[in-house]
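Inside the fold
One letter stands for each residue in the lines below.
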Amino acid sequence: VSDTVLEGLLFDGRTAAATPVRVTVTGGGLRVTTPAGEPLHEVRLDQLVITEPFASAPRQVTFAGGAVVEVTDGAALTAALAAAGLRASLVERLQQRWLAAAASLVASVALLVGGYLYGLPAAVRVVAAVLPASAERRLGEGVLEVLEGRLFRPTALSEAEQSDAERRIAEAARLGAPGLQYRLVFRSTEQKPGVNAFALPGGTVVILDELVRRTAGDDRLLAVVGHELGHVARHHSTQSLLRAAGVGAFTSLLWGDFSGQAASIPAVFAMLDYSRGAEREADEDAVRFLHATGRSAKPVFDALCLLASVEREAGTKGLPNIFSSHPTIEERLARVREMGQPREMGHSCPEGGAFLPADPIQQESR
Amino acid sequence: MTDLAEPMLETHPLGPTEPAGGPPPLEPAPQAHNIRLKFTGTGGEYFRIWIVNLLLTIVTVGIYSAWAKVRKTRYFWINTQLDGAVFQYHGDPMAILRGRILVGVIFVGYSLIGRISIQAGIVAAVVLGLLAPWFFYKAMRFKLSNTTWRGIRFGFDSTVGAAYGALAPAVILWVLLSGVSADLATLRPGDKPNPVPMLLVYGLFLALVPLLHARIKRYQHGATTCGSHKFDFEPSTGAFYGLYGKTFLVALVPFVLASIAVAVSVMAMGKPAPESKASFVAIMIVSYVVFVLAYLLPGSYFSARLQRLVWARTHGGPIRFSTSVGMRGLMRTWFKNGLLTLLTLGLYWPYAAVNIARYQIECMTVEAAASLGSLAAGTQAIEPSAAGDGAVDFVGWDIGL
């Protein structure tokens, strides 16, 4: 087997002058000589310091003392080194093969999709569970601060209306959600429909004026609060906020936008968008909440009907929700009826009409 | 990712001035000669590098991104040829990883603060603005001192003080902008915003952008060294004002046309019925396409003219630069590659990066009235910290060109 001889340029590291040299790959090493054959440098293959192989780029060998030899035909050098038994690294071999590239593509997509669907929610559940209550409350205060003025206005309820609602909720919560820390905040909004309530991280429940007015004197208010306290007990809003923050951080990495304020607003609105499973759990909690206070599940059913009908009154404002993944009102009503006494509730809302496709409890978040 | 587009334009100026007691003068060349830059990378090869980098970055939860950056940069550098020799990138992945972790902690803290309280977020934004010149200085040093050509190391001959001096007006404006945003963000419902300070600051900002840009470029190119030879950048504030002014005029035409097109398409649809997803989607698509086209024209005009402006004014003694980058060529390259990247859901991106780099690199010419072989090595040390490098990567700040 004859040794491979290649053309190269030697740079001494002191000036940019180029000296033409010959590079020979022998059985155990690499030798640099002048074109006339005088030896200049020699190195054993297992001590070779060489740049990565690429298809059409030169390769550079660095010698002790800072001299660099640039071999113009990098591919020929790679072949000679391989023939002499020098193996490329795993990554180098991966990036030389189309099959490996295709496999990498499939694996990357699978990991990204899987991470979003399973990894992120799991991580967020763990973090939300270990997060100290004080940190959750601070998150909630931050969310409220962002929403004040953007979505919320001061309440127009009288002191008497507020304390009456507070008293009824406190009585029910003593039995329905014993030991759960929560705080009621009354606000109004110009958004339609204004019949609504929200759970924020740390146990703050925002109740809108219209909800109190439209449910005056009946248990639908308790049903809605029971639903929100379900979100509180299960840390749903903390999880949503963390999930949005995780996606936000990832996309920020991709697009490099770290302006804190601009990033916080979409995150807060995304927080109010619960998953299908979270809404269902909170509905079930609302039924259990009412059962614990000796009431039936019917107010939950009626509250859903109320929310559906006010949303219909308000009409679908704004952009159509193309990517809605929320449970339909039919699904939610069916589940509530299943948990209670089906005969009490009937098959549709008393106001009649078709059910709306969107989840009214979250309508304000759009 | 933006530095991909110009993997070498920003870092490889060569040439001497005569620092006192300094380096040997360049040997005169037999005759002045023009050397074109050559790019030998291919989309297919970079695609494989990119996808393996992506997979390993995901699998290692981001840790590999430091190695990925080095592999990517090496690929673009070593496929760039000047006068028969290639560039080489020596960035140490461990240093880059340490820099990224440090900067990651700072930025995650910043973004969390912004979520918890708007006021605290604004204070954090001001602090980051004050750190920016230091990051910029460190990033330039790291990038250039880790680049060699023919065994000669590039460098960034400056000090932290000089960086703060050069970037001071930009930092002051950033602090003012943050203050105005703080004022807006803390408004309570029903409060009337006072528009005067906001308009003043935004007006000042717009009026000073060309000046700031000229200062940054002058600082960047004026402190760059190749071996012992230092570069110079001619004062060019007037040229930058001219560039921004002309770009504004170029932008006006498609902007007016785009607005008319969108208005017509909205009217043609009639009042958009909220239930009608089709009309909504149609309007979205029309507006999007029109605005992309409206961006492409002034965007490519600005970028092409900027590259010409900057390279025509960068020189070191007998070594000068020029680029034949043109608006039409750039627009064609961006449009074709951007469209294919969109249509392939991003899979064409590595091909696009290679195509854009090739176009810009092969437009470059080095005009040498001296023998490049007589460039001597300098005495500057390699910058060991990649904190600044991590920071500019994080915010996507293009320190290129």
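In this text the structure is predicted, and so the values were computed from the model without any measurement. (Residues numbered from 1 in each chain as written. Chains lettered and ligands numbered in written order. Predicted model: local features only at pLDDT ≥ 70, side-chain atom pairs only at ≥ 80, totals over all residues. Heavy atoms only, no water.)

**Brief notes about the overall build of chain B**
Stated precisely, the cut-off is as follows: Secondary structure counts use DSSP, requiring at least four H or I residues in a row for a helix and at least two E residues in a row for a strand, with both numbered from the N terminus. Only protein chains enter the area calculation, which uses a 1.4 Å probe; residues under 20% of their type maximum are buried, those over 50% are exposed, and those in between are partly exposed. Note on definitions: a residue-residue contact is assigned when non-hydrogen atoms from the two residues lie within 4.5 Å. Where accessible areas are quoted, they stem from the Shrake-Rupley method and a 1.4 Å probe; at the residue level, only the protein chains shown are allowed to cover.
On a plain count of helices and strands, chain B comes out with eleven helices and twelve strands. Counting over 401 residues, chain B shows a buried share of 51%. Taking the intrachain contacts of chain B between residues at least 6 apart in sequence as the baseline, contacts between residues at least 24 apart amount to 80%. In the form shown here, chain B has an accessible surface area of approximately 17500 Å², with 70% of it arising from carbon and sulfur atoms.

**Brief notes about the pattern of salt bridges**
All names here are of chain A. Test applied: For this document, the term salt bridge refers to a Lys or Arg side-chain nitrogen within 4 Å of an Asp or Glu carboxyl oxygen.
As enumerated under the stated definition, the model contains 25 salt bridges over all chains in all. Its salt-bridge partner being R213, residue E161 comes within 3.6 Å of it at the nearest N-O pair. With E161 in helix α5 (residues 159–176) and R213 in helix α6 (residues 209–214), this residue pair connects regions lying 52 residues apart in the sequence. R234 serves as the salt-bridge partner of E281, at 3.8 Å between the closest nitrogen and oxygen. Taken together, the positions of E281 in helix α10 (residues 276–292) and R234 in the loop between α7 (220–233) and α8 (236–255) put the pair 47 residues apart, joining distant regions of the chain. With relative accessibility at 31%, the residue E281 sits in the partly exposed group. On the basis of relative accessible area, R234 is assigned to the partly exposed category, the value being 30%. One salt-bridge network, in which partners are shared between bridges, spans R234, R280, E281, E284, D285, R288, R335 and E338.

**Points about the sheet that holds strand β6 (residues 152–156) of chain B**
Residue and element names in this part refer to chain B. Just so we agree on the cut-off: Note on pairing: two strands pair once DSSP finds at least 2 bridges between them. Between the N-to-C directions of two axes lies an angle of 0 to 180 degrees, each axis being a line fitted to C-alpha atoms and, for a helix, fitted only over the stretch in contact.
One open sheet accounts for seven strands, arranged β2-β3-β4-β5-β6-β7-β8; its pairing is antiparallel. This sheet does not close on itself; its edge strands, each paired only once, are β2 (38–39) and β8 (229–230). Pairing of β6 with strand β7 (residues 224–226) involves three bridges; the strand directions are antiparallel. From the neighbouring strand, F156 faces β7, where its bridge partner is T224. Relative to strand β4 (residues 85–89), helix α2 (residues 65–78) is tilted by about 165 degrees, and along the sheet it contacts β2, β3 (80–82), β4 and β5 (147–149).

**What to know about the environment of B:T80**
Residue and element names in this part refer to chain B. Here is the rule: Polar contact criterion, stated in full: a pair of N or O atoms within 3.5 Å, where within protein one must be able to donate a hydrogen and the other to accept it, and residues adjacent in sequence count only if both atoms are side-chain atoms.
Looking at where T80 falls in the secondary structure, it is placed in strand β3. Judged by relative accessible area, which is 0%, T80 ranks as buried. Among the polar contacts listed, one links the side chain of T80 to the backbone oxygen of F76, at a separation of 2.7 Å.

**Side note on helix α3 (residues 98–130) of chain A**
Residue and element names in this part refer to chain A. This is how the line gets drawn: What a helix is expected to span follows from its residue count: subtract one and scale by 1.5 Å. A residue's bend is simply the angle between two axes: one fitted to the seven residues ending at it, one to the seven starting at it.
The terminal C-alpha atoms of α3, which comprises 33 residues, lie 44 Å apart, in line with the 48 Å expected from a rise of 1.5 Å per residue. Approximately 50 degrees is the largest bend angle found in α3, and it occurs at G115. Within α3, burial applies to A100, A101, S104, S108, L120, P121, V124 and A128.

**With respect to the sheet that holds strand β8 (residues 153–154) of chain A**
All names here are of chain A. Spatial strand order, β8-β9-β11-β10: four strands in an open sheet with mixed pairing. The sheet is open, and its two borders are formed by β8 and β10 (197–199), each paired with just one other strand. Here strand β9 (residues 183–188) pairs with strand β11 (residues 204–208) via five bridges, running parallel. Paired with R187 across the two strands is L208, which belongs to β11. Most of the contacts of α5 go to β9, to which it runs at about 145 degrees, and overall it touches β9 and β11.

**So, the side chain of A:T34**
As for its placement among the helices and strands, A:T34 is situated in the loop between β3 (29–33) and β4 (39–44). Filtering out sequence-adjacent residues up to four positions away, A:T34 remains in contact with A:R22 and A:L40.

**Concerning the packing of helix α9 (residues 327–343) of chain B against helix α10 (residues 349–362) of chain B**
Residues and elements named next belong to chain B. Our working rule: Roughly parallel refers to an angle under 35 degrees, roughly antiparallel to one over 145, roughly perpendicular to one between 65 and 115, and oblique to any angle outside these ranges.
Look at α9 against α10: their axes get within 9 Å of each other, and the N-to-C directions meet at 170 degrees. Taken together, the axes of α9 and α10 are roughly antiparallel relative to one another. Of α10, the residues touching α9 (which contributes G329, L330, T333, W334, N337 and T341) are W349, Y351, A352, N355, I356, Y359 and Q360.

**Thoughts on the packing of aromatic side chains**
Residues and elements named next belong to chain B. Here is the rule we go by: Stacked, tilted and edge-to-face are the three classes applied to pairs of Phe, Tyr and Trp rings, where Trp contributes its six-membered ring and a pair requires centres within 6.5 Å; stacked means planes under 30 degrees apart, edge-to-face means over 60, and tilted covers the rest.
Taken as a whole and assessed by the stated rule, the structure comprises 21 aromatic pairs over all chains. With a centroid separation of 6.0 Å and an interplanar angle of 70 degrees, the aromatic rings of W77 and Y89 are classed as edge-to-face. Here W77 is found in helix α2, whereas its partner Y89 is found in strand β4, with twelve residues between them in sequence. The same class applies to W77 and to Y89, which are both buried. Look at F136 and Y219: their rings are 6.2 Å apart centre to centre, the planes differ by 35 degrees, and that puts the pair in the tilted class.

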